[in-house]
Amino acid sequence: MTTDLNKFDTLLVANRGEIACRVMRTARAMGLRTVAVYSDADANARHVREADEAVRLGPAAARDSYLKVEAVIEAAKRTGAGAIHPGYGFLSENGPFVEALEKAGITFVGPPASAIAAMGDKSAAKERMSHAGVPLVPGYHGDDQDDALLKSEADKIGYPVLLKASAGGGGKGMRVVESAAGFQAALDGCRRESQAAFGDQRMLIEKYLTQPRHVEVQVFCDSHGNGVYLFERDCSVQRRHQKVLEEAPAPGMSAELRREMGEAAVRAAREIGYVGAGTVEFLLDSSPGQDGAFYFMEMNTRLQVEHPVTEMITGQDLVEWQLRVAMGERLPLAQDELTITGHSFEARLYAEDPEQDFLPATGTLTRFALDLEGAGLNADKVRLDSGVESGDAVSMHYDPMLAKLIVHGGDRDQALATLNRALAALDVQGVVTNRAFLQRLATHPAFKGCELDTRFIEKHEASLFAPREITTEAYAAAALIGLKQLSRECESDSPWDRHDGFRLNAPHTIRLALCATGHDLTRAQAPDAEDVVIVEGRRETDADPWQLVIGDETLTARIQHLEGDAVAVTLNGHRRRLQARLADNGVVVMADAAGETRLFWRRIDAIDHGQHEAESTLTAPMHGTVVALLVEPGQKVEKGMPLMVMEAMKMEHTMAAPADGHVESFHFAAGDTVGQGDVLLEFAAEE
């Protein structure tokens, strides 16, 4: 580490996505110039757009770009960057990279290579932790990897045991063995995975805790011998050993247990000569009679994805701490100067489909926004760390995490309420995400009750993935938005042009079919259409409230747009605030407690309006702004395929192909303002 406080004024961030943007935000606030690096897939990415300079590394594959040590160092030299921040992942825990930077005279914003190496080998790390007096899970971490010996050690520990790749991470090369009979097959499988992922077959064995919580401690050390802990985070809610929801401080921690874990974490860091930000991960045994028993799991020698929850409860900028320590400064605060204020949650937004076993998703984000005003949220209490914006492409080449939603409250209940409101206000369209799943997690009774362990999702899978009951408010809101859209599609004085159910000497009546799955609407009038709800809306004049008939219930209903995506739905005099918007040929309704409800609607009046509605998709149904063009002119499309997206009153409307054919030309580009009735595109149907 350098002791020259003016060692560098330009920082290269050797990463991408939200962490690159987050690091650059602090660097700019400190007066540093920022340099981004990118692959061909990220040429137009947000972190590239926000940097002062950017240098291409190579093709899309990480091994040909972000993992190329020589290319990253050359980019630093080319731009005069005196320091490199690695973010997390990629080169952040690569000892040879740190050594190469030292030879090149470039400061690494992180620990020395020796500390990375000490924690990179899990077996050796556990030996050192034992020497430092850090509690370890009972297990075997030796060099002798003979099959019979490993089996014997597992038998002595007692089943179930956990097999882990010694050089591993991210859940690779890791299996639970329930009995002696399954040990050999599990060992062979773990070795294959470990060899493929890390080029190393060595295994370690640990006692498998049946109710473990994943509690980690944020530590910080400087080059002057000072070390502190910035308290703990609970990261127990995981899927496939990957964290989904994190919070700080950990629920149920006594002051004594917090101090014991914090001091053990600092001892671990000092044992390996650590400098910078690091995280010591522990398993906290929450099974009956084991309160307070914790065991060292591993140390991450870098900044963690979940570091913002620590920033929220301490009021400290950990990236600024990293940069100052890298400049040779002492830690900004001593241990007795650090305090906890309130509670914080972080929810990781992934481009993935929870309903398809969390399969990663790709596509283009037609909309990506957080409507704090509409949700009535304080910007000081909600933070969105993101590497994407509306219009950005989500690539298959990298981690599917799009953003992190971080909230703060006076206590856990307040913070959780804020998280639910913020998730409802997060508008993501064009790419499948886990946002609705995060809502289900955050509103689950067991999570609200702090019944936490690392198998939370597995234990509650049935309730987390059970079909949600759709509320009357959701049906009413969706119907009212559909009715509003239909009434706006035509303002002609001619009754023959109207879409509002005009009847001579009779109330205006419109019948809609609503369903959570759009394809079921094709059988909306079938007698066996159990998943479809028919809503009848009628009123005398446009000034009157709607009379909605939903099943056997008749409701006097009004809808009022508030701000952003917020609407007020009044049913029989009971007014309720919701988040609602048009999206992907449907209506998304969000309530804090009920989570997200996505309903598709189709008009099913006796009069056939199909031709009118098909034609109306080619003209703007309202005044608004073009958000995205989804196809190229000349591209062959099928009936119903989305062609473009426009926005009005913070609600989106997707224009779909009225028939098989192609778009001859678009009359507007993304960002253009259009008026109601403007012809948006020229469409040629197949003959």
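Preceding this paragraph is the structure being described.
Everything quoted here is computed from the prediction, not taken from an experiment. (Residues numbered from 1 in each chain as written. Predicted model: local features only at pLDDT ≥ 70, side-chain atom pairs only at ≥ 80, totals over all residues. Heavy atoms only, no water.)

Draft legend 1. Structural view of the overall build of the protein. Secondary structure summary: the protein contains 19 helices and 38 strands in total. Expressed as a percentage of its 687 residues, the buried residues of the protein come to 55%. By sequence separation, contacts in the protein at least 24 residues apart represent 64% of the contacts at least 6 residues apart. When the accessible surface of the protein is summed, it comes to about 28300 Å², and 47% of that surface belongs to carbon and sulfur atoms. (Helix = DSSP H or I, 4+ residues; strand = E, 2+ residues; numbered from the N terminus. Buried < 20%, exposed > 50% of the residue type's maximum accessible area, 1.4 Å probe, protein only. Contact = heavy atoms within 4.5 Å. Areas by Shrake-Rupley, 256 points an atom, 1.4 Å probe, with all protein chains shown as cover.)

Draft legend 2. Inspection of the sheet that holds strand β33 (residues 636–637) at higher detail. Across the sheet, three strands lie side by side as β33-β36-β38; this open sheet has antiparallel pairing. Strand pairing shows two members of the sheet lacking a second neighbour, β33 and β38 (681–685), which therefore form its edges. As paired strands, β33 and strand β36 (residues 661–666) are joined by two bridges and run antiparallel to one another. Bridging from a neighbouring strand, Val 637 pairs with Gly 661 of β36. (Pairing = 2+ DSSP bridges.)

Draft legend 3. Region of interest: helix α11 (residues 318–326). With seven of nine residues buried, α11 lies mostly within the body of the structure. You can read the cap of α11 off the contacts: a side-chain oxygen lies 3.0 Å from the backbone nitrogen of Val 319, and it is on Asp 317. Positioned one or two residues after α11, Gly 328 has a phi angle of 95 degrees, which is positive. (Polar contact = N/O pair within 3.5 Å; in protein donor to acceptor, adjacent residues only side chain to side chain.)

Draft legend 4. Region of the structure containing the pairing of strand β24 (residues 508–515). A large share of β24 lies buried, amounting to seven of its eight residues. Two strands pair when backbone bridges link them, and β24 and strand β25 (residues 533–539) are joined in this way by seven bridges, in the antiparallel orientation. Paired with Leu 514 across the strands is Val 533, a residue of β25.

Draft legend 5. Region of the structure containing the pattern of salt bridges. Taken as a whole, this structure holds 43 salt bridges when the rule is applied. The closest approach of N and O atoms between Arg 128 and Glu 271, which form a salt bridge, is 3.6 Å. A residue pair is termed long-range when its members are at least 10 positions apart, and Arg 128 in helix α6 (residues 122–131) and Glu 271 in helix α9 (residues 255–271) qualify at 143 residues. Note on Arg 128: relative accessible area 33%, which makes it partly exposed. Residue Arg 440 is joined to Glu 355 by a salt bridge in which the shortest nitrogen-to-oxygen separation is 3.2 Å. Taken together, the residues span a long stretch of sequence, with Arg 440 in helix α14 (residues 435–442) and Glu 355 in the loop between β16 (352–353) and β17 (359–360) at a distance of 85 residues. One network of salt bridges, with partners in common, ties together Glu 216, Arg 233, Lys 243, Glu 246, Glu 281, Glu 306, Glu 346 and Arg 348. (Salt bridge = Lys/Arg side-chain N within 4 Å of Asp/Glu carboxyl O.)

Draft legend 6. Structural view of the pairing of strand β26 (residues 546–550). Here β26 shows one buried face, formed by Trp 546, Leu 548 and Ile 550, and one open face, formed by Gln 547 and Val 549. Pairing between β25 and β26: four bridges, direction antiparallel. Bridged to Arg 538 within β26 is Gln 547. Linking two consecutive strands that pair antiparallel, namely β25 and β26, is a turn of six residues. Pairing of β26 with strand β27 (residues 553–561), which is carried by five bridges, proceeds in the antiparallel orientation. Bridge pairing in β27 links Val 549 to Thr 554. Hairpin connection from β26 to β27: two residues lie between these consecutive antiparallel strands, with Gly 551 at a positive phi of about 65 degrees.

Draft legend 7. A look at a negative patch on the surface. On the surface, Glu 127, Asp 143, Asp 144 and Asp 146 cluster together into a patch of negative charge. Summarising the element assignment, Asp 144 is placed in the loop between β6 (139–140) and α7 (147–157). (Patch = residues over 30% accessible without salt bridge, like charges linked within 9 Å, V, L, I, M, F, W, Y side chains within 5 Å. Lys, Arg positive; Asp, Glu negative; His and termini not counted. Charge placed at Lys NZ, Arg CZ, Asp CG, Glu CD.)

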